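# Notes for the structure review
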Amino acid sequence: MSGRHEKEKGVNVQVLLRCRPFSEDELRSNAPQVISCNEYNREVSVSQNIAGKHIDRVFTFDKVFGPSARQKDLYEQAIVPIVNEVLEGFNCTIFAYGQTGTGKTYTMEGECKRSKNGSNGGLPEGAGVIPRAVKQIFDTLESQNAEYSVKVTFLELYNEEITDLLAPEEISKVALEEKQKSSFLLWRMVKVVFFRSHSLFSITIHIKEATPEGEELIKCGKLNLVDLAGSENISRSGAREGRAREAGEINKSLLTLGRVICALVEHLGHIPYRDSKLTRLLRDSLGGRTKTCIIATVSPAVHCLEETLSTLDYAHRAKNIRNKPEVNQKMMKTTLIKDLYGEIERLKAEVYAAREKNGVYIPKERYVQEENEKKAMADQIEQMGIALESHQKQLEDLQSKYVDQVSQCSQLSTKLDATEKKLNKTSILLANTEEELKKCRYTLKEKDFIISEQRKAENALTHQACILRADLEKALQDNASLFSKIGREDKLNSDNRAVVNNFQVGLAQQVGSLCNTVATSLSRQNEHLECAENLCNSFLGIHDKAVVDLKKKVTSLRTLYISHIEALQNVVRLHKSCSDATLEEISSLISSNGHSIEEFLASEATKAGSILDDLQSSLSNQQGELALFARELRHVSFGRGKRLQNFASEADEMQMKSIADFKKAYE
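Below is a short write-up of the structure.

Another aspect to go through is the overall build of the chain. A count of helices and strands for the chain gives 14 helices and 14 strands. With 667 residues in all, the chain has 25% of them scored as buried.

Scanning all chains against the criterion turns up 3 cavities of 30 Å³ or more. Every residue lining the largest cavity is listed: L155, E156, L157, H198, S199, L200, V226, L278, L281 and L282. Counting only elements with at least two residues in the lining of the largest cavity, the list comes to β8 (148-158), β10 (198-210) and α10 (277-281). The residue makeup of the lining of the largest cavity, split by class, is 7 nonpolar, 2 polar and 1 charged. There is about 40 Å³ of room inside the second largest cavity.

Here the focus is helix α5 (residues 129-144). With 16 residues, α5 should reach 22 Å at 1.5 Å per residue; the first-to-last C-alpha distance of 22 Å fits that figure. Residues V129, I130, P131, R132, A133, V134, Q136, I137, F138 and L141 constitute the buried set of α5.

A few words on the pattern of salt bridges. Enumeration over the complete set of coordinates arrives at 10 salt bridges. Here K219 and E209 are joined by a salt bridge, their closest N and O atoms 2.9 Å apart. One end of the pair, K219, is in strand β11 (residues 216-227); the other, E209, is in strand β10, and 10 residues separate them in sequence. What makes E209 partly exposed here is its relative accessible area of 25%.

Core analysis: the largest hydrophobic core is formed by 38 residues, its most contacted members being L17, F61, L228 and L286. Counting residues per element, the ones that place at least two in this core are β2 (14-19), β4 (43-50), β7 (91-98), α9 (242-265), β12 (291-298) and α11 (305-318). Look past the residues within four positions of L286 in its chain and what remains in contact with it is F95, L257, V260, L264, Y273, I321 and N323. Counting residues in each nonpolar core, the second largest holds 35 residues, with L16, I79, F90 and L141 among its members.

Take K277: it is sitting in helix α10. Assessed through its relative accessible area of 35%, K277 is described here as partly exposed. As a C-alpha pair, K277 and E160 span 117 residues in sequence and 6.5 Å in three-dimensional space. Excluding residues that lie within four positions of it along the chain, K277 makes contacts with L157, E160, E161 and I162.

Phi at N30 is positive, roughly 50 degrees, even though this residue is not glycine. Note on placement: N30 falls in the loop between α2 (24-28) and β3 (35-38).

Using the criterion set out here, one finds 3 aromatic pairs in the structure. Taking 6.5 Å as the distance between ring centres and 15 degrees as the angle between the ring planes, the aromatic pair formed by F59 and F61 counts as stacked. For the residue pair F59 and F61, the accessibility class agrees, reading buried in each case. Between Y97 and Y314, the ring centres sit 4.1 Å apart and the planes meet at 10 degrees, which makes this aromatic pair stacked. A residue pair is termed long-range when its members are at least 10 positions apart, and Y97 in strand β7 and Y314 in helix α11 qualify at 217 residues. Above the ring of F90, the side-chain terminus of K291 is found at 4.4 Å from the ring centroid.

Within the secondary structure, S400 sits in helix α13 (residues 364-615). Among the polar contacts listed, one links the side chain of S400 to the backbone oxygen of D397, at a separation of 2.5 Å.

Extensive coverage of β11 is indicated by the burial of 10 of its 12 residues. In this sheet, β11 lies alongside β7 in parallel orientation, the contact comprising 6 bridges. Looking at the pairing, C92 lines up with L223 of β11. When β10 meets β11, the two strands line up antiparallel, connected through 12 bridges. Residue pairing for β11: H206 is matched across the bridge by C220. Counting the residues that bridge the hairpin from β10 to β11 gives 5 residues, and of these G214 lies at a positive phi of roughly 90 degrees.

Conventions used here
- Residues numbered from 1 in each chain as written.
- Predicted model: local features only at pLDDT ≥ 70, side-chain atom pairs only at ≥ 80, totals over all residues.
- Heavy atoms only, no water.
- Helix = DSSP H or I, 4+ residues; strand = E, 2+ residues; numbered from the N terminus.
- Buried < 20%, exposed > 50% of the residue type's maximum accessible area, 1.4 Å probe, protein only.
- 1 Å grid on protein atoms, 1.4 Å probe; cavity = no way out; pocket = protein on both sides within 12 Å on 5 of 7 lines; lining within 4 Å.
- Points joined across faces, edges and corners; volume = space filled by probe spheres on them.
- Nonpolar A, V, L, I, M, F, W, Y, C, P; charged D, E, K, R; others polar.
- Expected span 1.5 Å × (residues − 1).
- Salt bridge = Lys/Arg side-chain N within 4 Å of Asp/Glu carboxyl O.
- Core = buried A, V, L, I, M, F, W, Y, C linked by side-chain atoms within 4.5 Å.
- Contact = heavy atoms within 4.5 Å.
- Phe/Tyr/Trp six-rings, centres within 6.5 Å; stacked < 30°, edge-to-face > 60°.
- Lys NZ or Arg CZ within 6 Å of the ring centre and 35° of its normal.
- Polar contact = N/O pair within 3.5 Å; in protein donor to acceptor, adjacent residues only side chain to side chain.
- Pairing = 2+ DSSP bridges.

If you want it as structure tokens, here you go:
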């Protein structure tokens, strides 16, 4: 019952996390690390500072691979069981999700260069999930010695357009090497994928098995390996124009995938699979009958912190998706061959009709109308399928509830039978116990009467004993108080004698010490008086000598002051005579310069008059120029007079300054 309930409930999507190591640029720039991986506890902690506070967020996943993890470790621990389940007949899907540059393509594809051991050599260390999975599939099939067929599809979803990368022109390039059945051939085709697109690499395996009855069956398994495009924000990626539109289409697919995951986690009624071609392709892998594994890749650098947190939240939500994986039904070989032959005949007929134009031709409008009707019908069928699935889920839930109710009813009926049996037994016991109770009550009454009589006698005896005990206790208390009084009196007498003796001894000692201190203080006082007299005498002698010396110094300073005053008066007289001489020279210079300027102006005026008289008759038209020349002459004379005035003012200032210096020196 419980196993069936768990099978109907489904299993969670397996989520792995892989953290890439620092790049060379990040190591050169000493980028701080914000991601720490604990592979043992399967935890990833993110360190961030918000409003000056250091906060650590911890995420738990099914498996965690740190920066030192190798490709081989990831594949052996996580992917090998999934590939084995594909070979057992399950449909399995492996996603790679994360920011650009975090190692999605490296994880899925790796660096697959052929080994040096030849065409049969092993894979290199850098080989990713796809080449290792293909190699494991072929190695397992070859070791089983069974008949099998492997079909590969490789789709690219770019700008919401699906491209088949294994078109005939691509397959023809590797047709000669098809017989080697090696993973390297398939790997060559992987390199065609555009790095900004979603890629879906699918491997479908058909294996022939024989039943004990000799009937041949075909076991089918499918492995989807999906490498999603980068999940970064358009504004932070720096994309412009065409690149921005391309990133928008990629983000549209990823956002639709996120909405599908949220709807599956929250168990909403409508799941938006049809909003994007990516979710349509992966519909069965999300909430369907496929075993799904998501590999989330992150960067440890701080500049990728926001995208890292978005990826971790995305992957943590995806853990709550529950799928109901089921083994694909095995088909009989004859039935499969019959279906394949019918498909081949249909394709041949279509090719022949297209080549010979021997088919039904209709107008374009009708063809478009029919195509639209087909699309509408397909949408209706898809919606009805979704409704049917929801009804089936509801029916399964109701069936499970009905089974639970039936089991609860059966359990309650068994409990009811058991309680009825217990009730009959308890009724018989109750009758027996009632009879015993009557007997016990009679005996109890007899015992109560005897006990009451004994209690009366005991009460009388206890009353007499209490009276005697009270009298005895009172006598004991009187004796004890008398003895205590006698003891206290003796103790007081002895204490008084000891106090008197101690007081006498202490008084004698204090009187003797007082006499000694008085004698010593008298002797010290006499010594202090003698010292004070000696000090006074010595101070008077020193004071007389100091007065005599001070008088001598005052007389010498007075004579020195008089001599210095006389010398200063001589210096003042000398400077005054010098200043008078300089003033006379300055005044003579001013008068001589004034006379020369007046003579110059007079001579210039006479010259100008003669020139004006000579040229007035013949050069009347140049009167303006002569006026200008006269103004220039006046300006020159005014400038020279101004310079003389400045010189005179400077001389006066020098004289006043020297007089002020003399006054300061005199003072």
